[in-house]
Amino acid sequence: MDKKERQHKTGVGKKVALLIFFTTFIVLAIDLSVEYGLSFSLLHRTIGENHVEIANLLAVHIRESIEEKISEIIALSSSPLWKKQILETNEKVGRMAQDERARYFARMDSAWPGTSWDDPSLSEFAGNYLSIRLKALCDDTKDIREFLVTDKYGALVASSNKTTDFYQADEEWWQKAYADGKGGIFINNIQYDESSDVVGITFALPIRVDSGEIIGTCKVIIDTKSYFTPLASFDIGKSGHAVLTDSEGLVIFHSGVIPVEQRLLNYSELPKGAGSGHLIMYDSPFHRGKRQFIAFSDVFPSPVFGNDIDWKVFVSQDSSEVFGPLNTLMLQMISVALLLIAIIVPLGKVFGGYFVRPIHELHIATDRILEGDWDYTIDIKTNDEIEQFAEAFKEMIVNIKNKQDDLIKAKNELEELSKGLEKRVEARTKELSDAQAAGLNLLEDIQEEKRKVEKYSKDLESALRIKADFTSMVSHELRTPLTAIKEGISLVLDGTTGPLGKEQKEFLDIAKRNVDRLARLINDVLDLQKLESGKMVFSLAPEDINGAVREVYDTMITMARDKALDIVLELSEGIPKVVFDRDKIIQVLANLVNNAVKLTDKGRITVRTEIKDGLLRVTVKDEGPGIRKEDLPKLFRRFEQLEKGTERRTGGTGLVLAISKDIIERHGGTIWAESEFGQGASFIFTIPIVERKESYGEDRTYNG
Amino acid sequence: MDKKKILLVDDEEDVLKTVGFRLQASGYDVVTASDGKEGLEKARSEKPDLVILDLMLPKMDGYKVCAFLKKDTRYKDIPIIMFTAKAGDIDKKLGLEVGADAYIMKPFEPPILVETVEKLLAKNNG
């Protein structure tokens, strides 16, 4: 890559800026969402509670207005004059027989519509005291539109205006108010009379004497418009208004406008059993589909009249207006967030650049060094990892520089060397080409020689095999006659065949000793031959050296005591088992002890076992004549008898020590002798203590 | 108590004579055979208490004789001493594998043979 191109790569600043941008963006987005959610629910609750409170107040106002009116009417109806008038009618109608009464009612009803209220025939009703009183009442008060009183049979007693008919007992209000003498207050649903523009509400209540008996009823139609004035004049914000609905859920009153047969909502949409509450209504036909925030409150929280009426006051406002401030707030917050990002991102780029600068410097340094300016110095003091990195970089450059110097040096040396070598190769090539011609002849000679050597080695091999076979055969053949000779001599010598004289015994002893020597010689030759040819089989296994020494002691002690010698054992405790061939080591020990016993006339033989320098060391020490220094190296050579007479004394063949040496060396050990002439001798051998697992468990078919 | 009977098998007349004499002198009845086949036959007919068997025998070698006797339930309890001039480790191993009870190398110290015989017979009675 081109150097300039590289120097312009300053991506870290951008990356840091981007990183900060995304981080900030995500954090702000989460923050805004959460805040919106929290604010929304807070606003929902606060405004909702507020609206419910307003709805409550309005509902209470309506309830109190109506209750007040009812109390007023109850007070009026308890007047004694009212009662007197009713009782008179009761008496008059009561006197009639059942069928006569029915006929009277039917006659009155059929004549009723065609007769004017001013007609004298009706003066009995329109002209009585109570009617006049009621008429005056209607005129005086603006809200009472109709007021009529009946007797306990449902017949009209008095009325403020002409009623639609005479007989009232077939009307619902009457039945509720009288109810066979157990009636109560009845309030009808509000009805709107378009022609008179009256929003009318019908009250009916029983009229009682002091004893509590119902003597008649009265019915009042009240123009409730004035009660709803607070509803009409009520507003919140631009779209907030109040609505009153009746038991059917139909709108009774709505901010002064009188709707007909319109439904604000189904009561089933409201929380069940709740007297008040607030909610968002998403699809309101009444509001032409505009989302509404609605609070409501029951006008009559508990049933107080003869019938259940379920009016509700609603406070409704466009949802968009209610939550409008929230949206404005959110917009403001998003603006602030964007502003923050707009500030932070360039800052990030600046900081990024700040971090990049030292790296950039390192980059320049690398380029300079690549150009060969090894002495370019890097000076970065940021007191952080980058400074550490720069230090490491400097160190690396120094190392590389040193290596490079070395390389250049080595290269120069190599060139020198190669020049010399080239010269030598040239010279040698010439020599070789000269010699090549002569070499061809030489090759033939060599091949001839090789053939000769091969033949010779074959001959030698067969000769060696013949020698081995011969040795083995001869030894075997010698043994059998020896058996007969030994047995024969023994039989005579030990007196089995009868007594013999002193001289006979002496010479037979000589014969026996020499036969024994011959037998030993044959055995030793055989052993040595086997050791040399590698045919000697070693059964290696972990063994106890002290046990082997004791066994040798047991076989040798009699012989030693016969010479009045003692054998002393100095066996170290805790010598681990060492891998060796027990029979062979016993053979070596027996040879050494036998020699010691034979060569010592007085004193004792010491056998010592120990671990020394990580080796098992066995010493057989005698107090015999000792060995001359110059003879020490000869000891272990074959057929080397140091002194005439030694052989006779030891009964040795001159092969025993050579065999011992071979056996010990086959165990990886060494054997040697130490002696001062005239002061006895020590024969010492060592065996390495090695874990030879492959030998452990090897077939050990015999035990000596 | 009856004298114990020992069968001595060797192809060397001198060995048979000297060793046989030694055994007789030690208080045993001695029956001899001079080859493997004869040895096996006499082992079956004479029912000896012990067999001393040379390894290198004409007609049938000592291993085979030993193996035959040791495989036969009627004779397998008769102790057999192997007797040889071939004192190699392998010979000894082979001899013991075919079931010989003891192994004596020629030439031997005269007392050894009698000691071994006594030991084996004592073990067999015990």
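Residues numbered from 1 in each chain as written. Chains lettered and ligands numbered in written order. Predicted model: local features only at pLDDT ≥ 70, side-chain atom pairs only at ≥ 80, totals over all residues. Heavy atoms only, no water.

Draft legend 1. Representation of the sheet that holds strand β5 (residues 102–105) of chain B in the model. All names here are of chain B. If you trace the 5 strands from one edge of the open sheet to the other, you get β2-β1-β3-β4-β5, paired in parallel fashion. Every other strand in the sheet has two partners, leaving β2 (29–33) and β5 as the edge strands with one partner each. Across this sheet, the average inter-strand angle for adjacent strands is 20°, counted without regard to direction. By the bridge criterion, 5 bridges tie strand β1 (residues 5–9) to β2 in an arrangement that is parallel. Across the sheet, the residue bridging to Ile 6 is Val 30, located in β2. Lying on the sheet, helix α3 (residues 62–71) is in contact with β3 (50–54) and β4 (80–84); it crosses β4 at an angle near 175°. (Pairing = 2+ DSSP bridges. Helix = DSSP H or I, 4+ residues; strand = E, 2+ residues; numbered from the N terminus. Axes fitted to C-alpha atoms, helices over the stretch in contact; angles between N-to-C directions. Contact = heavy atoms within 4.5 Å.)

Draft legend 2. Spotlight on the sheet that holds strand β11 (residues 312–318) of chain A. Residues and elements named next belong to chain A. The strand order β8-β7-β11-β10-β9 describes an open sheet built from 5 strands, whose pairing is antiparallel. Because the sheet does not close on itself, it has two edges, and the strands there are β8 (251–254) and β9 (276–281). Between one strand and the next, the sheet's axes are offset by a mean angle of 25°, whatever the strand orientation. Of the strand pairs in this sheet, strand β7 (residues 241–245) and β11 are connected by 5 bridges, and their pairing is antiparallel. When the bridges of β11 are listed, Leu 244 appears paired with Val 313.

Draft legend 3. A look at the confidence of the model for chain A. When pLDDT is averaged along chain A, the result is 80, and 90% of the positions lie at 70 or above. For residues 692–704 of chain A, every residue scores under 50 in pLDDT, and the model assigns this stretch 23 contacts once sequence neighbours within four places are set aside. (pLDDT = per-residue confidence, 0-100.)

Draft legend 4. Layout of the packing of helix α3 (residues 80–95) of chain A against helix α4 (residues 98–111) of chain A. Residue and element names in this part refer to chain A. Put simply, α3 and α4 touch, their axes get as near as 8 Å, and they point 115° apart. Across the interface between the two elements, Lys 92, Val 93 and Gly 94 from α3 touch Arg 101, Tyr 104 and Phe 105 from α4. Its residues placed into classes, the contact of α3 with α4 shows 3 nonpolar, 1 polar and 2 charged. (Nonpolar A, V, L, I, M, F, W, Y, C, P; charged D, E, K, R; others polar.)

Draft legend 5. Just helix α13 (residues 545–562) of chain A, in detail. Residues and elements named next belong to chain A. An ideal rise of 1.5 Å per residue puts 26 Å on 18 residues; α13 measures up with 26 Å between its terminal C-alpha atoms. Roughly 45° is the biggest bend found in α13, and it falls at Met 556. For α13, the full list of buried residues reads Ile 545, Asn 546, Gly 547, Ala 548, Val 549, Val 552, Met 556, Ile 557 and Ala 560. Buried residues in α13 make contact with β12 (541–543), β13 (566–571), β14 (578–580), α14 (582–599), β15 (604–612) and β16 (615–621). You can read the cap of α13 off the contacts: a side-chain oxygen lies 3.2 Å from the backbone nitrogen of Asn 546, and it is on Asp 544. (Expected span 1.5 Å × (residues − 1). Bend = angle between axes of the 7 residues up to and from the residue. Buried < 20%, exposed > 50% of the residue type's maximum accessible area, 1.4 Å probe, protein only. Polar contact = N/O pair within 3.5 Å; in protein donor to acceptor, adjacent residues only side chain to side chain.)

Draft legend 6. Geometry of a nonpolar patch on the surface. Residues and elements named next belong to chain A. A surface patch of nonpolar side chains, amounting to about 700 Å² of accessible area, comprises Leu 18, Phe 22, Phe 25, Ile 26, Ile 30, Val 34 and Leu 38. In this fold, Val 34 is placed in helix α2 (residues 11–77). Take Val 34: its relative accessible area is 46%, and that puts it in the partly exposed class. (Patch = residues over 30% accessible without salt bridge, like charges linked within 9 Å, V, L, I, M, F, W, Y side chains within 5 Å. Areas by Shrake-Rupley, 256 points an atom, 1.4 Å probe, with all protein chains shown as cover. Salt bridge = Lys/Arg side-chain N within 4 Å of Asp/Glu carboxyl O.)

Draft legend 7. Expanded view of unusual backbone geometry. Residues and elements named next belong to chain A. Phi at Asp 613 takes a positive value of approximately 55°, unusual for a residue other than glycine. Looking at where Asp 613 falls in the secondary structure, it is placed in the loop between β15 and β16. Residue Asp 613 is classed as exposed on the basis of its relative accessible area, which comes to 68%.

Draft legend 8. Structural view of the packing of aromatic side chains. Residues and elements named next belong to chain A. This model, assessed by the stated rule, comprises 17 aromatic pairs over all chains. Relative to Phe 40, the ring of Tyr 36 has its centre 6.4 Å away and its plane inclined at 20°; by these criteria the two rings are stacked. You can see Tyr 36 and its partner Phe 40 sitting in helix α2, 4 residues apart, about one turn around the helix. What makes Tyr 36 partly exposed here is its relative accessible area of 32%. Relative to Tyr 178, the ring of Trp 174 lies with its centre 4.9 Å away and its plane at 25°, an arrangement referred to as stacked. Of this pair, Trp 174 and Tyr 178 both sit in helix α7 (residues 172–178), 4 residues apart, roughly one helical turn. Both residues of the pair, Trp 174 and Tyr 178, belong to the buried class. Pairwise contacts between aromatic rings join Tyr 104, Phe 105, Trp 112, Phe 125, Phe 166 and Tyr 167 into one cluster. The aromatic ring of Tyr 153 is capped on one face by Arg 101, whose charged end is 4.2 Å from the ring centroid. (Phe/Tyr/Trp six-rings, centres within 6.5 Å; stacked < 30°, edge-to-face > 60°. Lys NZ or Arg CZ within 6 Å of the ring centre and 35° of its normal.)

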